[in-house]
Amino acid sequence: MKEITTKLLVIGGGPGGYVAAIRAGQLGIPTVLVEGESLGGTCLNIGCIPSKALIHAAHAFDAARHQAHGSPLGIKVQEPSIDISQTVRWKDGIVKRLTGGVGALLRKAGVRVHKGWAHIEDGKSVTVQPAEGGEPVRVRCEHLLLATGSEPVELPMLPFGGAVVSSTGALSPDSLPRRLVVVGAGYIGLELGMAYRKLGVEVAVVEAAERVLPGYDEELTQPVLDALEKSGVVLHLGCSVQGYDAQHGVRVRSARADEFALPADRVLVAVGRKPRTTGFGLESLQLDMAGRYVAVDAQCRTSMRNVWAIGDITGDPMLAHRAMAQGEVVAEVIAGKHRRFEPMAIPAVCFTDPEVVVVGKTPGEARAAGLDCIDAAFPFAANGRAMTLEATGGFVRVVARKDNHLILGWQAVGQGVAELAAAFTQSIEMGARLEDVAGTIHAHPTLGEAVQEAALRALGHALHI
């Protein structure tokens, strides 16, 4: 068997793995990256990027349909149609450009990429079976970085296959179903469910919890619930799925134990993701675990010396930008720099319509932590830019300590609020106080003015409400 040696071996070419490899290469660390499928991992290939592309296409189509039926803007168009095959080709083109870009960046950084499937022999040796066949290669390394990501959770009564799909299948449809049932009202289920509804599909959502987006506070999710109901998405909350067959559809049981069937041509199961910890010999390392995740410290070290882990395999939040930040930390620690992964806040964005952003503590979380806080919200109904965008629903909310006005959290719900996440996170990382944000001149007219107004309102003197 051919053998190669390297200082750093990265298993997994997703956002965490490829960023770690690029940064290591920039720092002069000999690095090998192993990826069995496409560079970019779930995020670039079958997750974040393609889902946002489909969401954008659905929004554009929905806007055209509404304009065809009379627009207050004076726009007049014919009834539109959509070629979903072309939409998928356009989406795939974006993915191809981005994954190709990742490959170019890795080459520029001097990283050797092996396309194949890794199997861990021990903490210093990994066998790689080439994805396209051929003889396996043994890679010996000084440092081993695990960045294997996560995969969709499969329900025993709804195994993937045929009409039952995960988010992966939902992102590359060869045709649009007439009726779609979404199992799970978390952010993945609602993002894709709303997109399919905008594309003209009849959509029903089944959720075991009593409300949508159960991981978010109810004040934030109410505008999303209103939008779902207005769009015609049928919600079955507090219900569990019993199974599916093509003749009867999805069998559902309510909290009162009533059973009924939902007709469905396709079923999207979106009940969460689980870390990818099997199939590559991880168990041979006998690492300390934190439940189903690999336990790591503030430098992403595992319980075995010189074995590191980042991203979804290390726990929540399972977010690409968390994995990227962890990957950069690991590369710099290996290079001898003093780095720790101890962020003040990690932004979370739900790309529903309206969008939802959460950074730092919510009012409820602050109270649960025993903090004496103030919070204030500014509605987009009083924001001029929101009016010009026909997007006056939602608000921006700030949470701060009462004694010194240190900002602890931001939340927002509304059209386009995902772009406010950077400002929210930066203010918390820099230790900003309400007075800092309130005294910063914000461009007019922008949605960002609502950020300043929320801070002003928390101080007791909002100007435009």
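For the structure itself, look to the data block above.
Reading the values: the criteria
- Residues numbered from 1 in each chain as written.
- Predicted model: local features only at pLDDT ≥ 70, side-chain atom pairs only at ≥ 80, totals over all residues.
- Heavy atoms only, no water.
- Helix = DSSP H or I, 4+ residues; strand = E, 2+ residues; numbered from the N terminus.
- Buried < 20%, exposed > 50% of the residue type's maximum accessible area, 1.4 Å probe, protein only.
- Areas by Shrake-Rupley, 256 points an atom, 1.4 Å probe, with all protein chains shown as cover.
- Lys, Arg positive; Asp, Glu negative; His and termini not counted.
- Charge placed at Lys NZ, Arg CZ, Asp CG, Glu CD.
- Contact = heavy atoms within 4.5 Å.
- Polar contact = N/O pair within 3.5 Å; in protein donor to acceptor, adjacent residues only side chain to side chain.
- Phe/Tyr/Trp six-rings, centres within 6.5 Å; stacked < 30°, edge-to-face > 60°.
- Pairing = 2+ DSSP bridges.
- Patch = residues over 30% accessible without salt bridge, like charges linked within 9 Å, V, L, I, M, F, W, Y side chains within 5 Å.
- Salt bridge = Lys/Arg side-chain N within 4 Å of Asp/Glu carboxyl O.
- Expected span 1.5 Å × (residues − 1).

Draft legend 1. Fine view of the overall build of the protein. Helix and strand counts for the protein stand at 13 helices and 23 strands. Based on the C-alpha atoms only, the size of the protein along its principal axes is roughly 70 × 60 × 45 Å. Counting over 465 residues, the protein shows a buried share of 51%. Accessible surface computed for the protein: about 21400 Å², of which carbon and sulfur atoms make up 52%. Treating the 45 positive side-chain charges of the protein as one cloud and the 49 negative ones as another, the clouds have centres 5 Å apart.

Draft legend 2. Just the environment of histidine 143, in detail. The residue histidine 143 is located in strand β5 (residues 137-146) in this model. For histidine 143, a relative accessible area of 6% corresponds to the buried category. Taking the C-alpha atoms as reference points, histidine 143 and tryptophan 308, 165 residues apart in sequence, are found 7.6 Å from one another. What histidine 143 contacts, discounting residues up to four positions off in sequence, is Lys7, Leu8, Leu9, Asn306, Trp308 and Ile334. Reaching out from histidine 143, the side chain makes a polar contact with the side chain of tryptophan 308 at a distance of 3.2 Å.

Draft legend 3. Inspection of the packing of aromatic side chains at higher detail. Taken as a whole, this structure holds 1 aromatic pair when the rule is applied. Plain terms: the ring middles of tryptophan 410 and phenylalanine 424 are 5.0 Å apart, the flat faces sit at 5° to each other, and that makes the pair stacked. Of this pair, tryptophan 410 sits in strand β23 (residues 407-414) while phenylalanine 424 is found in helix α11 (residues 421-429), placing the two residues 14 residues apart along the sequence. Take tryptophan 410 and phenylalanine 424: they sit in the same class, and that class is buried.

Draft legend 4. Representation of the environment of alanine 68. Summarising the element assignment, alanine 68 is placed in helix α3 (residues 48-68). Using a relative accessible area of 24% as the deciding quantity, one classes alanine 68 as partly exposed. C-alpha separation for the pair alanine 68 and glutamine 78, spaced 10 residues apart in sequence, amounts to 5.5 Å. Here alanine 68 is in contact with Val77, Gln78, Glu79 and Pro80, once residues within four sequence places are set aside.

Draft legend 5. Quick look at the pairing of strand β12 (residues 249-253). Note that strand β11 (residues 240-245) and β12 share 5 bridges and pair antiparallel. In the sheet register, glycine 243 faces β12, and the bridge partner there is arginine 251. Linking β11 back to β12 in an antiparallel pair, the connection comprises 3 residues. As paired strands, β12 and strand β13 (residues 259-262) are joined by 4 bridges and run antiparallel to one another. The residue of β13 that forms the bridge with valine 250 is leucine 262. Following β12, the chain reverses through 5 residues before pairing antiparallel with β13; alanine 257 in that reversal takes a positive phi of roughly 70°.

Draft legend 6. Main features of the sheet that holds strand β8 (residues 179-183). A sheet is described by the order of its strands in space; here 5 strands give the open sequence β7-β14-β8-β9-β10, paired in parallel fashion. Of all strands in the sheet, those with a lone pairing partner are β7 (164-165) and β10 (234-237), marking the two edges. Pairing geometry for β8 and strand β14 (residues 266-269), over 4 bridges, is parallel. The residue bridging valine 182 from the neighbouring strand is leucine 268, located in β14.

Draft legend 7. Broad picture of a nonpolar patch on the surface. The grouping of Leu73, Ile75 and Val77 at the surface amounts to a nonpolar patch, some 230 Å² of accessible area in total. Looking at where valine 77 falls in the secondary structure, it is placed in the loop between α3 and α4 (84-108).

Draft legend 8. Region of the structure containing α3. For α3, built from 21 residues, the straight-helix expectation of 30 Å at 1.5 Å per residue is met to within 8% by its first-to-last C-alpha distance of 30 Å. Buried residues of α3: Pro50, Ser51, Ala53, Leu54, Ile55, Ala57, Ala58, Phe61 and Asp62, and no others. On the buried face of α3, the contacting elements are α2 (41-46), α4, α5 (167-170) and α6 (187-198).

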